[in-house]
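Overview (structure and organization)
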Amino acid sequence: MLVEASGVHLTVIDPCLDADLSAKYSNDKRITVHKGLSLEIVPRLSEKFDCILIDGDHNWYTVFNELRAIEERQLLTNGGTIFFHDVGWPYGRRDMYYQPETIPKEFRHPYAKKGIIYGRSELSSPEGKNSGFFNAEEEGGEKNGVLTAIEDFLIERGNEYLLLRFTAEHGLGVLVKKHGIKSRKTLAKWRWLCLVHNMNEAIRRRFPRVYRVVKGIAKRAN
Ligand SMILES: C[S@@+](CC[C@H](N)C(=O)[O-])C[C@H]1O[C@@H](n2cnc3c(N)ncnc32)[C@H](O)[C@@H]1O
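Now for a description of the structure that goes with this document. (Residues numbered from 1 in each chain as written. Predicted model: local features only at pLDDT ≥ 70, side-chain atom pairs only at ≥ 80, totals over all residues. Heavy atoms only, no water.)

What follows is about the sheet that holds strand β6 (residues 111-112). What the three strands build is an open sheet, ordered β5-β7-β6; its pairing is antiparallel. Every interior strand has two partners, whereas the edge strands, β5 (96-97) and β6, have only one. Of the pairings in the sheet, the one linking β6 to strand β7 (residues 134-136) comprises two bridges and is antiparallel in character. By the bridge assignment for β7, Y111 is matched with A136. (Pairing = 2+ DSSP bridges. Helix = DSSP H or I, 4+ residues; strand = E, 2+ residues; numbered from the N terminus.)

Quick look at the nonpolar core now. Nonpolar side chains in soluble globular proteins tend to end up buried together. Ranked by size, the top nonpolar core spans 34 residues in total, and within it I54, V63, L67, I82, F84, I150 and L175 carry the most contacts. Look past the residues within four positions of I82 in its chain and what remains in contact with it is I52, I54, L67, I70, L76, G173, V174 and L175. The next biggest cluster of nonpolar side chains, apart from the first, holds seven residues, and it includes L162, V176, L187 and C194. (Core = buried A, V, L, I, M, F, W, Y, C linked by side-chain atoms within 4.5 Å. Buried < 20%, exposed > 50% of the residue type's maximum accessible area, 1.4 Å probe, protein only. Contact = heavy atoms within 4.5 Å.)

Glancing now at the packing of aromatic side chains. For the coordinates displayed, the defined rule picks out eight aromatic pairs. With a centroid separation of 5.2 Å and an interplanar angle of 75°, the aromatic rings of W89 and Y118 are classed as edge-to-face. Here Y118 lies in the loop between β6 and β7 and W89 lies in the loop between β4 (76-85) and β5, a separation of 29 residues in the sequence. (Phe/Tyr/Trp six-rings, centres within 6.5 Å; stacked < 30°, edge-to-face > 60°.)

A few words now on the site of the ligand. Around the ligand lies a shell formed by I13, D14, P15, L17, L37, S38, D55, G56, D57 and Y98. One of the backbone N or O atoms of S38 is found 2.9 Å from a nitrogen atom in the ligand. With respect to the ligand, the side chain of D55 contributes an N or O atom lying 2.8 Å from a nitrogen atom. Taken by itself the ligand offers 580 Å² of open surface, and the protein chains cover 67% of this. In the shell around the ligand, the residues fall into five nonpolar, two polar and three charged. (Near = heavy atom within 4 Å. Polar contact = N/O pair within 3.5 Å; in protein donor to acceptor, adjacent residues only side chain to side chain. Areas by Shrake-Rupley, 256 points an atom, 1.4 Å probe, with all protein chains shown as cover. Nonpolar A, V, L, I, M, F, W, Y, C, P; charged D, E, K, R; others polar.)

Here we come to the layout of surface pockets. Roughly 560 Å³ of volume is contained in the second largest pocket. As for the second largest pocket, its lining consists of 20 residues, of which G88, W89, Y118, T167 and R205 are closest to the centre. Listing elements by their share of the lining of the second largest pocket, those giving two or more residues are β8 (161-166), α5 (184-206) and α6 (208-221). Among the elements that line the lining of the second largest pocket, the one with the most residues is α6, at three residues. (1 Å grid on protein atoms, 1.4 Å probe; cavity = no way out; pocket = protein on both sides within 12 Å on 5 of 7 lines; lining within 4 Å. Points joined across faces, edges and corners; volume = space filled by probe spheres on them.)

What follows concerns the sheet that holds strand β9 (residues 172-177). For sheets, the rule is that strands pair by backbone hydrogen bonds, running either parallel or antiparallel. Ordered in space as β3-β4-β9-β8, the four strands form an open sheet in which the pairing is mixed. This sheet does not close on itself; its edge strands, each paired only once, are β3 (49-54) and β8. Here the strands of the sheet are splayed against their neighbours by 15° on average, with no regard to which way each runs. Relative to β8, helix α4 (residues 146-157) is tilted by about 160°, and along the sheet it contacts β4, β8 and β9. Running over the sheet, α5 touches β8 and β9 and is turned about 35° from β8. (Axes fitted to C-alpha atoms, helices over the stretch in contact; angles between N-to-C directions.)

Distances and angles like these do not, on their own, reveal function.
Put into structure tokens, the structure is as follows:
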């Protein structure tokens, strides 16, 4: 879908485990494919990006260090945005490893190729979601999951970013760099948007029935 947008240049980083993206896009000058792991490629990049989408290896070690590398290399333009997929269930608080051997042992949780069931920490076999992937055996705790990685990164850099989280589709995270927002009015609008949005989403997560009823009433009133 991104490729269909005109005037966009895309840089893709992917080890191409199930499709050779270099071959697929070899004739398209707007697409650069780096075949490899993000933590090998990102520290070698030097160009700036308006937008970065992190939707690769869904584990704490990878996402935390991707963010650190983006920051260290200053890869985001002023006012640029980082998007994340899977900040909600099941990988917000649980690691998944595409290639477990690429993650240092001390950062790898015990894992198994078993499915995940909503509301249960332990994995399940054979039912459950994503049973074909190496999933951390337990949910939650330290250094576990995509959202935990973003939060830990923000402990170091929290003042510099605003984070929005959307619940749908397993969670979309939006990280906006405040530094790039020049006018005070725009920054105040972003802050307000974040506050209202994150409160809204927190109610949706904690009290889904109340949320649905209130939404229904508001929809009918409109
Ligand atoms: C859930 S898919 C999403 C791909 C793409 N964003 C999309 O929506 O089609 C995750 C992708 O991350 C890639 N991947 C796995 N480990 C990676 C790593 N360490 N660095 C970069 N990409 C990785 C996989 O090969 C896979 O293509």
